[in-house]
Amino acid sequence: MRFRAKIVDLACLNHLSRIINTIARLAKTCILRLTVCKLYFILSDKVANGGTSMWCELNQGNFFDEYQMEGVAAEHNEIYLELVPENLSRALKTAQSAKAVKIKLTNKHYPCLRVAVELPSLSSSSRIVTHDIPVGVIPRRMWNDFREPTVPDFDVSIYLPVLKTMKSVVERMKNLSNFIVIEANLSGEMNLKIETDLVSVTTHFKDLGNPPWEDGYQSSARGRDLESMAEACIDIKKLQQLLAGQQVNPTKALCNIVRKRIVHFILLHEEVSLQYFIPAIS
């Protein structure tokens with residue numbers, strides 16, 4: 001089992017750093033899955049137990065100048081590692097002006113990802129700062145626990161408003177309640193609502209548009225009244241965490257609502273897709 005990679009392009013490095021910073025705000029620990037073409041950051045708190053889950057997918061070719069990996073076996077050419085994303089985020093922050101960054105899976109006293117940051121220096125020799133990030137190697141028998149979550153059969157799919165606007169609305173509402181109701185319909189309308197014994201506040205968004213899904217998706221939305229709302233009540237802190245952590249600046253952001261069960265967010269950037277599932281509170 002081997003993995004090594006190198007980034008020379010500063011723009012790619014800073015972009016990767018922003019993505020990992022976003023992930024660090026969403027997950028205390030996560031699984032890093034390495035394949036020949038892609039990297040995945042996975043959080044799978046069982047949604048059934050009220051936990052959130054996340055699936056972030058990156059094409060390695062868009063970030064790394066060199067990338068080599070050999071999985072646990074020829075027919076299972078993948079590596080699954082458990083790590084604290086905050087540690088990786090910190091290591092990459094030291095690389096803001098680096099000449100190059102090398103990442104390598106090593107096992108001196110324990111398995112770790114070694115991040116070697118080559119910094120420019122005034123003399124001819126360069127300075128290298130090394131971070132060893134402890135990782136746990138996930139055995140093959142447990143890989144199925146970290147498969148891509150299936151897109152739920154949703155009642156409504158809708159594009160999100162500008163995330164900064166949504167973030168400021170949610171931050172204000174967070175002071176009034178622990179829960180927020182997200183509701184949307186197939187006419188491009190979405191409402192964010194909180195209702196307590198003392199106060200009822202609703203923010204309306206219009207003309208957001210509904211994504212066109214291929215056959216097989218949104219079957220439960222077919223034939224529905226376009227004006228009727230599907231809603232889910234979720235933990236406002238989890239939503240705020242998603243919006244506050246955003247440094248990926250998605251080109252497309254949408255959410256799928258499964259009535260009273262789950263809200264599924266999808267944030268897309270050219271070479272990154274981030275899915276985030278927040279279960280509804282009954």
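The present account deals with the structure reproduced in this document. Just so it is clear, the model here is predicted, and its values are computed rather than measured.

### A look at the sheet that holds strand β6 (residues 79-83)
- Overall, antiparallel pairing links the 9 strands, which are arranged β10-β6-β2-β3-β4-β18-β17-β16-β11 in an open sheet. Only two strands of the sheet have a single partner each, and these edge strands are β10 (136-137) and β11 (156-159).
- Note: strand β16 (residues 252-258) against strand β17 (residues 262-269), 7 bridges, orientation antiparallel. Among the inter-strand pairings, alanine 253 is bridged to a residue of β17, identified as leucine 267.

### Description of the environment of threonine 130
- As for its position among the elements, threonine 130 is in strand β9 (residues 127-134).
- Judged by its relative accessible area of 42%, threonine 130 falls in the partly exposed class.
- Spatially, the C-alpha atom of threonine 130 lies 29 Å from that of serine 273, the residues being 143 residues apart in sequence.
- Contact partners of threonine 130, with chain neighbours within four places excluded, come to Arg114, Val115 and Ala116.

### Quick look at the packing of aromatic side chains
- Per the counting criterion, the structure on display carries 5 aromatic pairs.
- On the numbers, 5.2 Å between centres and 50 degrees between planes, the contact of tyrosine 40 with tryptophan 55 is tilted. Residue tyrosine 40 is found in strand β3 (residues 38-44), and its partner tryptophan 55 is found in strand β4 (residues 53-59); the two are separated by 15 residues along the sequence. Each of the two residues, tyrosine 40 as well as tryptophan 55, counts as buried.
- On the basis of an interplanar angle of 50 degrees and a centroid distance of 5.6 Å, the ring pair of phenylalanine 64 and tyrosine 67 is categorised as tilted. Across the pair, tyrosine 67 and phenylalanine 64 agree in class, each one buried.
- Lying over the aromatic face of tyrosine 40, arginine 33 brings its terminal NZ or CZ to 4.4 Å of the ring centre.

Calculation notes
- Every chain is numbered independently, its residues counted from 1 as its sequence is written.
- Under the rules for a predicted model, residues below a pLDDT of 70 receive no local features and side-chain atom pairs below 80 are neither given nor counted, while totals for whole chains, interfaces and linings still include all residues.
- Just so you know, side-chain values use all the structure's heavy atoms and leave hydrogens and water out.
- Only strands joined by at least two bridges in the DSSP assignment are considered to pair.
- The numbering of helices and of strands both runs from the N terminus, where a helix is a DSSP run of H or I of at least 4 residues and a strand a run of E of at least 2.
- For every residue, the accessible area (1.4 Å probe, protein chains only) is compared with the maximum for its type, and the residue is labelled buried under 20%, exposed over 50%, or partly exposed between those bounds.
- Contact definition: two residues touch when any of their heavy atoms are within 4.5 Å.
- Any two of the Phe, Tyr and Trp rings considered here, Trp counted by its six-membered ring, make a pair once their centres fall within 6.5 Å; the pair's planes then place it as stacked at under 30 degrees, edge-to-face at over 60, or tilted in between.
- Whether a charge sits over a ring comes down to the Lys NZ or Arg CZ being within 6 Å of the ring centre and within 35 degrees of the ring normal.

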